[in-house]
Amino acid sequence: MAFASPYSLCLILLFLLPVCVLAQTSQNITLGSSLTAALDINDSWKSPSGDFAFGFQQIGAGMFLLAIWFDKIPEKTIIWSANGENLVQRGSTIRLTRDGQFRLNDSQGKQVWAADLVGSGTVSYAAMLDSGNFVLASQDSINLWESFDQPTDTILPTQILNVGSSLIARYSEMNYSSGRFLMQLQSNGNLVLSTLHFPLLSLNTDYWSTNTTGSGVQVIFDLSGSIYLKAKDESILTNITSIGASSSNFYQRAILEYDGVFRQYVYPKNDSVADGRPMAWSLQSHVPDNICMNITTQNTGSGACGFNSYCHLGNDQRPICTCPPGYSPLDPDNKMMGCKQAFVPQECDGGQDAGLFDIRELSNVNWWGGDYEYFNPVSEDWCRQRCLTDCFCAVAIYNTASECWMKKIPLSNGVQLNNYDGTKALVKIRKGNSTRVRRHM
């Protein structure tokens with residue numbers, strides 16, 4: 001059997017090199033290219049490996065989100081989006097214009113979103129990369145815009161968050177508009193999770209941080225699956241997560257989810273590397289450990305859950321938002337949005353209808369802050385009666401120290417405590433179906 005000489009092999013490799021380069025560059029998206037949102041056409045721009053795709057995903061009934069997603073898994077999990085605040089209809093287009101602009105127009109031709117280019121170069125092509133990064137590049141391959149620099153709620157391996165960068169949680173699982181939580185590497189070097197003054201994007205209260213003021217410069221998500229905060233001298237200040245799952249065997253993502261928890265997930269690329277994991281997204285780590293308890297001290301806002309509800313962790317360590325007795329969800333499809341009274345509230349007529357109300361007890365539940373009256377020492381029965389006859393009182397909190405706090409609507413920072421300490425919530429509700437229609441004088 002004859003073997004090729006090293007010299008012959010070099011000639012063969014040199015001959016094949018232009019073909020290899022052409023195969024890679026053929027993935028580039030040329031000027032004038034476009035995609036159109038359609039119900040029956042699943043057209044997209046894919047990365048060379050096919051792991052990621054850029055295009056339109058249908059959200060709900062006939063509305064579309066311009067997005068990037070994992071394309072080889074059945075879930076088609078979205079990791080970036082352009083128009084979460086303003087979904088578009090069928091017939092909308094994303095176009096890389098002849099003059100290098102990248103614009104999303106709705107079906108009527110109105111501009112909905114456009115890439116904000118950096119630098120002074122001109123876009124020559126676009127590309128969906130195998131890293132999950134979508135780029136607009138100049139003729140000399142300098143990126144003038146990239147999705148990695150404009151994250152929404154998710155980061156991927158090789159992605160970096162610089163000072164000032166942030167992730168904003170979506171409103172709900174299937175609503176990609178901005179929600180109530182933010183992750184940001186602040187200008188002082190501290191990485192924080194914060195509540196927002198929803199619907200504005202202004203910061204309210206931090207509920208988790210790395211406590212690295214004056215030190216942190218970058219959040220790194222490396223190929224080994226570790227997410228850490230780096231200092232100016234390149235050292236690791238603190239590990240945010242560290243799971244040791246290689247990106248060569250697993251798809252990975254880290255997301256600030258709509259419940260305010262930053263979670264890292266992995267998904268085996270095939271059965272042979274699953275190592276006992278299901279062929280699905282598996283949770284590897286998260287911060288904070290208990291968001292219900294982390295958000296209890298803010299002066300404004302609803303807390304981890306919405307107003308008039310309380311938070312507790314389920315068996316999967318995810319927050320569950322629950323309405324107290326006599327209350328119902330504002331949005332049945334999104335329990336995190338809070339609750340409303342399902343009865344006509346008490347009128348302030350001198351306590352004449354106090355007999356129409358009763359108390360329901362919730363053990364180990366409290367709504368932190370917002371007290372308008374405090375009594376001590378009193379008996380539990382005195383606390384109950386005081387709330388029943390006080391038209392402003394929605395809930396009274398009583399504990400084993402004989403303390404009684406009065407709270408009115410809306411209730412905020414509701415939580416079910418981890419360890420029973422004798423605290424109980426005395427929730428005032430209307431008896432039966434008595435006078436469900438407000439009386440008029």
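Described below are features of the structure shown in this document. (Residues numbered from 1 in each chain as written. Predicted model: local features only at pLDDT ≥ 70, side-chain atom pairs only at ≥ 80, totals over all residues. Heavy atoms only, no water.)

Looking now at the overall build of the protein. The number of helices and strands found in the protein is three helices and 36 strands. In terms of overall dimensions, the protein has C-alpha extents of about 100 × 50 × 45 Å along its principal axes. Across the 441 residues that make up the protein, the buried fraction comes to 48%. With the model as given, the accessible surface of the protein reaches about 21,400 Å², and the carbon-plus-sulfur share is 51%. Looking at the protein, you have 31 positive and 39 negative side-chain charges, and the mean spots of the two groups are 6 Å apart. (Helix = DSSP H or I, 4+ residues; strand = E, 2+ residues; numbered from the N terminus. Buried < 20%, exposed > 50% of the residue type's maximum accessible area, 1.4 Å probe, protein only. Areas by Shrake-Rupley, 256 points an atom, 1.4 Å probe, with all protein chains shown as cover. Lys, Arg positive; Asp, Glu negative; His and termini not counted. Charge placed at Lys NZ, Arg CZ, Asp CG, Glu CD.)

Next up on the list: the sheet that holds strand 11 (residues 125-128). One open sheet accounts for four strands, arranged 1-11-12-13; its pairing is antiparallel. Lying at the two open borders of the sheet, with one neighbouring strand each, are strand 1 (29-30) and strand 13 (143-146). Bridge analysis of strand 11 against strand 12 (residues 134-137) gives four bridges, and the strand direction is antiparallel. Directly across from Met-128, in strand 12, lies its bridge partner Phe-134. (Pairing = 2+ DSSP bridges.)

In this structure, Phe-54, Phe-56, Ile-94, Phe-102, Trp-113, Phe-134 and Leu-136 are the most contacted members of the largest nonpolar core, which totals 36 residues. With four residues, strand 5 (residues 63-70) is the largest single contributor of residues to this core. Setting aside anything within four residues of it in sequence, one finds Phe-54 in contact with Leu-35, Ser-44, Trp-45, Leu-66, Ala-67, Ile-68, Trp-69, Trp-80, Ile-94, Phe-102, Met-128 and Phe-134. In terms of nonpolar packing, the next biggest core, distinct from the first, is built from 32 residues, Leu-185, Tyr-207, Val-219 and Met-337 among them. (Core = buried A, V, L, I, M, F, W, Y, C linked by side-chain atoms within 4.5 Å. Contact = heavy atoms within 4.5 Å.)

Here strand 33 (residues 395-398) shows a buried face lined by Val-395 and Ile-397 and a second buried face lined by Ala-396 and Tyr-398. Note: strand 33 against strand 34 (residues 404-407), four bridges, orientation antiparallel. Counterpart to Ile-397 in the pairing with strand 34 is Trp-405. Two successive antiparallel strands, strand 33 and strand 34, enclose a turn made up of five residues, where Ser-402 displays a positive phi of approximately 65 degrees. Judged from the four bridges that link them, strand 33 and strand 36 (residues 424-430) form a sheet pairing that is antiparallel. Looking across to strand 36, one finds that Val-395 is bridged to Val-427.

Further remarks concern the environment of Asn-211. Here Asn-211 lies in the loop between strand 19 (203-209) and strand 20 (216-221). Distance from Asn-211 to Gly-189, taken between C-alpha atoms, is 8.7 Å for residues 22 residues apart in sequence. A polar side-chain atom of Asn-211 sits 3.0 Å from a polar atom in the side chain of Ser-209. (Polar contact = N/O pair within 3.5 Å; in protein donor to acceptor, adjacent residues only side chain to side chain.)

The next thing to look at is the sheet that holds strand 15 (residues 160-162). Backbone hydrogen bonds are what pair the strands of a sheet, in a parallel or an antiparallel way. The strand order across the open sheet built from four strands is 15-20-21-22, with neighbouring strands paired in antiparallel fashion. Only two strands of the sheet have a single neighbouring strand rather than two, namely strand 15 and strand 22 (236-241). Between one strand axis and the next, the sheet turns through 20 degrees on average, direction left out of account. Both strand 15 and strand 20 contribute to a ladder of three bridges, which runs antiparallel. Opposite Leu-161, over in strand 20, you have Val-219 as the bridge partner. (Axes fitted to C-alpha atoms, helices over the stretch in contact; angles between N-to-C directions.)

Covalent bonding between the sulfur atoms of two cysteines defines a disulfide. Counted according to the given criterion, the structure contains six disulfides. Across the disulfide, Cys-323 is cross-linked to Cys-339 (sulfur-sulfur distance 2.0 Å). Across the S-S bond linking Cys-323 and Cys-339, the dihedral sits near -90 degrees, which makes this disulfide left-handed. A residue pair is termed long-range when its members are at least 10 positions apart, and Cys-323 in the loop between strand 27 (319-322) and strand 28 (327-329) and Cys-339 in strand 29 (residues 339-341) qualify at 16 residues. The side chain of Cys-348 participates in a disulfide bridge whose partner is Cys-391; the two sulfur atoms lie 1.8 Å from each other. Measuring handedness by torsion sign, the sulfur bridge of Cys-348 and Cys-391 sits at about 95 degrees and is right-handed. With Cys-348 in the loop between strand 29 and strand 30 (357-363) and Cys-391 in the loop between helix 3 (380-389) and strand 33, this pair connects stretches of sequence that are 43 residues apart. (Disulfide = S-S within 2.5 Å.)

What follows is about the pairing of strand 26 (residues 310-313). Pairing geometry for strand 26 and strand 27, over four bridges, is antiparallel. Bridge assignment links Leu-313 to a residue of strand 27, and that residue is Pro-319. The hairpin turn running from strand 26 into strand 27, its antiparallel successor, is five residues long, and Gln-317 in that turn takes a positive phi close to 70 degrees.

Below, the discussion takes up helix 3. Those residues of helix 3 that fall on the buried side of the exposure criterion are Cys-383, Cys-387 and Leu-388. Each buried residue of helix 3 sits inside an arc of 135 degrees when the element is viewed along its axis, so together they form one side. Contact partners of the buried residues in helix 3: strand 30, strand 33, strand 34 and strand 36. (Arc of directions from axis to C-beta.)

This brings us to the packing of aromatic side chains. Across all of its chains, the model carries 22 aromatic pairs by this definition. Summarising the aromatic geometry, the rings of Phe-54 and Phe-102 are spaced 5.8 Å apart at their centres and angled 40 degrees between planes, so their arrangement reads as tilted. A residue pair is termed long-range when its members are at least 10 positions apart, and Phe-54 in strand 4 (residues 52-59) and Phe-102 in strand 9 (residues 102-105) qualify at 48 residues. Overall, the relative accessible area of 0% leaves Phe-54 in the buried class. Look at Phe-102 and you get buried, because its relative accessible area is 2%. A ring pair is formed by Phe-102 and Trp-113, whose centres lie 6.1 Å apart and whose planes are at 80 degrees; its orientation type is edge-to-face. One end of the pair, Phe-102, is in strand 9; the other, Trp-113, is in strand 10 (residues 111-114), with eleven residues separating them in the sequence. (Phe/Tyr/Trp six-rings, centres within 6.5 Å; stacked < 30°, edge-to-face > 60°.)

Here we take up the side chain of Asn-190. Residue placement: Asn-190 occurs in the loop between strand 17 (175-185) and strand 18 (191-196). When its relative accessible area of 8% is taken as the criterion, Asn-190 is described as buried. Ignoring sequence-local partners within four residues, the contact set of Asn-190 consists of Gln-184, Leu-185, Ser-209, Thr-210, Asn-211, Thr-212 and Thr-213.

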